[in-house]
Amino acid sequence: MFIYPNEYFNKVEEITIEFLKKNKIKALILDVDNTLINYEKRLSEKVAKWARELKGQGIKLYILSNTNQEEKVKRVANALEIPYEYFAKKPLKSGFLKVQKSLNEKPENIGVVGDQIFTDVLGGNRCGMTTILVDPIDDKKDYWYTAWKRPIENKIKIRYKNKRTKEKK
């Protein structure tokens, strides 16, 4: 199903090099808002350390964000020393394919990490990439254009988790 992620983690820092190698993922496309930074636009040292460690292990990182606020995305990308695209219009394929071309990797070797099903997961799945859903950093605050989707996404997450639990038995 296009709305289910391939994997689910509570936060980006839980995505390990072992997981990536096991799944033959050589590059990650990362969302920004509520995935790498919180509502107050703060990048935690834990996330920065996680990104440095993955890069040190040869994993390519690239930010793909729907925001039209380039300065916000640029600030995070510069802090992590990785390239970025903003105003991506996810879940449309164009942004994902542009980043794929820049990364010079096959879709099956790219992971898409984000906190939203209807943008990150749906777009990544449509492009044949491995989708990794994470919980939003700040689940108490959301932008208006995201807040209305959260109850629907939460129901999908529950169904996904139940399905995974049954598969593991």
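The model shown is predicted, which means the values in this text are computed figures rather than measured ones.

## Brief notes about the overall build of the protein chain
Logical step 1: Regarding its fold elements, the protein chain presents seven helices and six strands.
Logical step 2: The linear arrangement of helices and strands in the protein chain, starting from the amino end, is β-α-β-α-β-α-β-α-β-α-β-α-α.
Logical step 3: For 169 residues, the compact-globule estimate of 2.2 N^0.38 gives 15 Å, and the C-alpha radius of gyration of the protein chain, at 15 Å, lies within 12% of that figure.
Logical step 4: Taking as baseline every contact in the protein chain between residues at least 6 positions apart, the subset at least 24 positions apart corresponds to 68%.
Logical step 5: Carbon and sulfur atoms make up 53% of the accessible area of the protein chain, which amounts to about 9200 Å² in all.
Logical step 6: Separation between the mean location of the 35 positive side-chain charges and that of the 23 negative ones in the protein chain comes to 4 Å.

## Remarks on the pattern of salt bridges
Logical step 1: This structure, assessed with the given rule, holds nine salt bridges.
Logical step 2: Residue Glu105 is joined to Lys60 by a salt bridge in which the shortest nitrogen-to-oxygen separation is 2.8 Å. Of this pair, Glu105 sits in the loop between α4 (93–103) and β5 (110–114) while Lys60 sits in strand β3 (residues 60–64), and the two are 45 residues apart along the sequence.
Logical step 3: For Glu105, a relative accessible area of 14% corresponds to the buried category.
Logical step 4: Between Lys157 and Asp135 there is a salt bridge, and its shortest N-O distance comes to 3.0 Å. With a gap of 22 residues between them, Lys157 in helix α7 (residues 150–168) and Asp135 in the loop between β6 (130–134) and α6 (144–147) connect regions that are remote in the sequence.
Logical step 5: We classify Lys157 as buried; its relative accessible area is 10%.
Logical step 6: One network of salt bridges, in which partners are shared, links Asp31, Lys90 and Asp120.

## A short note on the environment of Lys157
Logical step 1: Separated by 152 residues in sequence, Lys157 and Pro5 have C-alpha atoms that sit 9.1 Å apart.
Logical step 2: Within polar-contact distance, the side chain of Lys157 engages the side chain of Asp135 at 3.0 Å.

## Focus: helix α2 (residues 45–56)
Logical step 1: Taking 1.5 Å of rise per residue, twelve residues should cover 16 Å, and α2 covers 16 Å from first to last C-alpha, within 8% of that figure.
Logical step 2: Restricting attention to buried positions, one finds in α2 the residues Val47, Ala48, Trp50, Ala51 and Leu54. Seen from one end, α2 has its buried residues packed into an arc of 160°, which puts them on one side. For α2, the exposed residues lying more than 90 degrees away from the buried face are Glu45, Lys46 and Gly56.
Logical step 3: For α2, the secondary structure elements touched by its buried residues are α1 (17–22), β2 (27–30), β3 and α3 (70–80).
Logical step 4: Where α2 terminates, the next one or two residues include Gly58, which has phi positive at roughly 90°.

## Quick notes on the nonpolar core
Soluble, globular proteins show a tendency: their nonpolar side chains are buried together.
Logical step 1: If you look at the biggest cluster of nonpolar residues, it comprises 28 residues, and the most contacted ones within it are Ile15, Leu28 and Trp50.
Logical step 2: Sorting the residues of this core by element identifies α1, β2, α2, β3, α3 and β6 as the ones contributing at least two each.
Logical step 3: A per-element tally of this core places α2 first, with five residues.
Logical step 4: Leave out the neighbours within four places in its chain, and Ile15 touches Phe9, Leu20, Trp50, Leu54, Val113, Ile132 and Val134.

## Let's talk about the environment of Tyr4
Logical step 1: For Tyr4, the position within the fold is in the segment before β1 (7–9).
Logical step 2: Judged by relative accessible area, Tyr4 falls into the buried class, the value being 13%.
Logical step 3: As a C-alpha pair, Tyr4 and Glu167 span 163 residues in sequence and 14 Å in three-dimensional space.
Logical step 4: Every residue in contact with Tyr4, bar those within four places of it in the chain, is listed here: Val121, Asn125, Thr131, Ile156, Arg159, Tyr160 and Lys163.

## A word on the environment of Val76
Logical step 1: Here Val76 shows up in helix α3.
Logical step 2: Through-space distance from the C-alpha of Val76 to that of Leu43 is 7.2 Å; in sequence the pair is 33 residues apart.
Logical step 3: Not counting the four nearest positions on each side in its chain, Val76 is found in contact with Val32, Leu36, Ile37, Leu43 and Ile63.

Cut-off values and rules
- Residues numbered from 1 in each chain as written.
- Predicted model: local features only at pLDDT ≥ 70, side-chain atom pairs only at ≥ 80, totals over all residues.
- Heavy atoms only, no water.
- Helix = DSSP H or I, 4+ residues; strand = E, 2+ residues; numbered from the N terminus.
- Rg over C-alpha atoms; globule rule 2.2 N^0.38 Å.
- Contact = heavy atoms within 4.5 Å.
- Areas by Shrake-Rupley, 256 points an atom, 1.4 Å probe, with all protein chains shown as cover.
- Lys, Arg positive; Asp, Glu negative; His and termini not counted.
- Charge placed at Lys NZ, Arg CZ, Asp CG, Glu CD.
- Salt bridge = Lys/Arg side-chain N within 4 Å of Asp/Glu carboxyl O.
- Buried < 20%, exposed > 50% of the residue type's maximum accessible area, 1.4 Å probe, protein only.
- Polar contact = N/O pair within 3.5 Å; in protein donor to acceptor, adjacent residues only side chain to side chain.
- Expected span 1.5 Å × (residues − 1).
- Arc of directions from axis to C-beta.
- Core = buried A, V, L, I, M, F, W, Y, C linked by side-chain atoms within 4.5 Å.

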